[in-house]
Amino acid sequence: MRYRHLTTVTLALGVVLLVDVLRVFLPAVITIFGQAASTPAELLGAFAFGWFLLALAAPALIRRVGARPVTLVAAVLLVVARLAVNGQPGGRLQLWLATAGLLAGLVWLAGVAAGTDRPVPGLALGLAVGAVLHTVLDTYRSAFFGDWPAWLAAVGVAGLFLAGQARPAPPAGAGGVRSWLLAGPALLLAGMVALSPAVARTAASYQFGLLRSDPADEVGVATVPLFGPAPLAVAVGGFLLAALAPPRRGAWRWLGPAALVGGAVLVALGRGELLLPAVLLTAVGLGACLASAGAADGRGNADGARTQVSDGAGQDPARAASGGQDATRADDGGQDPARAAGGGQDTARADDGGPGPARAAGRRGYAAVAGMLVFAVAAVVYYSAYDLGHPNAGVPVAVAVLVAAVALATRPTPGPVRSPLPPVWTAASAAVLTLLAAVASDELLSASNRDGPPETVRVAAYNVRMGFGMDGRFDPDALARAVAGADVVALSEVDRGWLLNGGHDTLDLLAERLDMPYVFAPAADPLWGDAVLSRWPLDAARTRPLPAVGAPTGAQALGVTVDLGAGVRLAVVATHLQPPPGEDPVVQARAVADFAVRYAAGRPLVVAGDLNTEPGDAAFAEFARAGLVDALAAARPLPTSPADAPRQQIDHVFVTPDLAAGDAAAPRGTASDHLPVAVTLTLPPA
């Protein structure tokens, strides 16, 4: 394999491993260090950001010890931590293993940056491969988790990465600083929007859902999509084509930055129907900006360096790959060529007369770490808004503007810019693989019960905390077991692609396990909200935003009609009330009760969800005022939170008096921080 190909593939594999670690680290901070929302958001942010800040010491360490030994050790630790995390899918050990993997990954990135002046092909390929793998795994199953064939594959991937890392790197020139600076922002935008299979599926469920919401609604709903995450194939192909093709010149250079910023603005608008164009624009724009930033890279790169060392100076090409380090100490005659290939190690020893390469390597290392600091700051600021209440819509726009500004400020080198990967072939191959992965991993859900109406319907309500249990483990199988046997399920705190939670589509994963189609309504943003799943066909979906009344996280009420057959309909309203700090959600409860009664229009009605109020509270009384009955009354006290030691009765099911309730229960388990509640409802005579 040629040097340039080896560097690109090795960098790509390292990016995949680093992203995998981040998918574990970020939710572990929230669910394990965060102790089920009992830890202040400021402390969570400081803990997460601190490890990124600590990586600022990496370039100084590299300058003192040398890039090659530091990079190799960090690569080994990254692989070990990534594999170990899968053997510990939860608990504090998972948090610390993921933290160790993150720090090792950041040090590895700084070391690779020190010796690589053309990172864009490797970065782009790594982000694309990660997206394809995440699609193959249906956004959940780890590539390195499962029975022995999966572990064997894991060892193979790790071996390829370490083998590539151990080989001499191509010579590094003075460029690459801008490209490395964009590594962190690109990772953030790709994970949040552009290359996320969960976001692509959610976007398709808004755009191509099999059930349409009322056109009069201010906020649309998302339903089972016809094409699943298939739009990601277009995003991945467009991203790679834009990133690997020669950058545009002249006025055409503005197209990529404009597309990127435009896509980020669509994300900031927070509307589900705009999510799909946001994904596509952000993907193509991000790739184009990376290509523009990399257009000036490679001055003094591998080909030029090899030409220089062939002029009779007698220097070993492997030694020249160091970018000049130890060049004047050739009298030792026996230095390991791999040692000289570290991309700037030992350049701090000024006796070799090469401070220029040393400074370039240091700048690239600091640029890579600085880019990851941008990732950390933006992620913390964006997601902490749902706890602290500050505006966050401008965060992806600000990051996109930064990337666009760096791309436009870069002056491309004269002449053609050659990529180590053929742009069209690589992009087309990645698009086809992504499409095949999307088709193979996705399931088209349809209602299985069409003969009816039944005499009874079992209804469950469950706050799933984005799919994470009390031990911090993401386990959709345990969630499905908790509501097994229910005919209609109302879900709260449903996450459909937040990078903070690992980029999972919790709703789709649970719906596939229960074999139930769904309707999803956004609350905080298009990716987070409430849902209803049913074994019978759903119809007439409608959602209404609820008054915020000082609460930082948004809330809504989702109404759907369950078609039980023979003209029998059951109205279901799912909600998750968000009270102001220290107060009862009276205003929201009144709004939900009024909406539910109007929506039902005389039909049997169920209102279910995490209502954050207890029997006897003023908000609880609002549902009785609207003529609804506590369906769990016969089983009280029925505490549901926290799941490991329940003492609060805050998850409820209310019904109209014509529905007789029985067999109420709150099955024990820790798949979430709440227990589900379930009740069997006897339908009125036809």
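Residues numbered from 1 in each chain as written. Predicted model: local features only at pLDDT ≥ 70, side-chain atom pairs only at ≥ 80, totals over all residues. Heavy atoms only, no water.

Taken as a whole and judged by the stated rule, the model has 15 salt bridges. Put simply, R458 and D663 hold a salt bridge, and the shortest N to O gap is 3.5 Å. With R458 in strand β2 (residues 456-463) and D663 in strand β12 (residues 660-665), this pair connects stretches of sequence that are 205 residues apart. Between E622 and R625 there is a salt bridge, with its nearest N and O atoms 2.8 Å apart. Highlighted residues: E622 and R625, both in helix α23 (residues 618-625), separated by three residues, approximately one helical turn. Look at E622 and you get buried, because its relative accessible area is 10%. For R625, a relative accessible area of 47% puts it in the partly exposed group. (Salt bridge = Lys/Arg side-chain N within 4 Å of Asp/Glu carboxyl O. Helix = DSSP H or I, 4+ residues; strand = E, 2+ residues; numbered from the N terminus. Buried < 20%, exposed > 50% of the residue type's maximum accessible area, 1.4 Å probe, protein only.)

This part covers the pairing of strand β8 (residues 568-576). Burial of β8 is extensive: seven of the nine residues sit out of reach of the surface. Note: strand β7 (residues 556-565) against β8, eight bridges, orientation antiparallel. The residue of β8 that forms the bridge with V562 is L570. Between β7 and β8, which pair antiparallel and follow one another directly, the connecting turn spans two residues, one of which, A566, has a positive phi of 55°. Handedness of the crossover joining β8 and strand β9 (residues 605-610) through helix α22 (residues 586-600) is recorded here as right-handed. (Pairing = 2+ DSSP bridges. Right-handed = clockwise from strand over helix to strand, strands pointing away.)

Before going further, it helps to spend a moment on the packing of aromatic side chains. Applying the stated criterion across every chain, the model contains 17 aromatic pairs. Ring centres of F47 and W96 lie 5.8 Å apart, and the angle between their planes is 75°; on these two criteria the pair is classed as edge-to-face. Separated by 49 residues along the polypeptide, F47 in helix α2 (residues 41-54) and W96 in helix α5 (residues 91-115) bring together distant segments of the chain. Judged by relative accessible area, W96 falls into the partly exposed class, the value being 42%. Ring geometry for Y140 and F474: centres 5.3 Å apart, planes at 55°, overall tilted. You can see Y140 sitting in the loop between α6 (120-136) and α7 (148-166) and its partner F474 sitting in the loop between β2 and α20 (476-482), a full 334 residues away along the chain. You can call F474 buried: its relative accessible area is 10%. One residue, R496, lies across the ring of F520, its end atom 5.4 Å from the ring centre. It is R603 that lies over the ring of Y599; its NZ or CZ is 5.5 Å from the centre. (Phe/Tyr/Trp six-rings, centres within 6.5 Å; stacked < 30°, edge-to-face > 60°. Lys NZ or Arg CZ within 6 Å of the ring centre and 35° of its normal.)

All we've got here are geometric facts, nothing functional implied.
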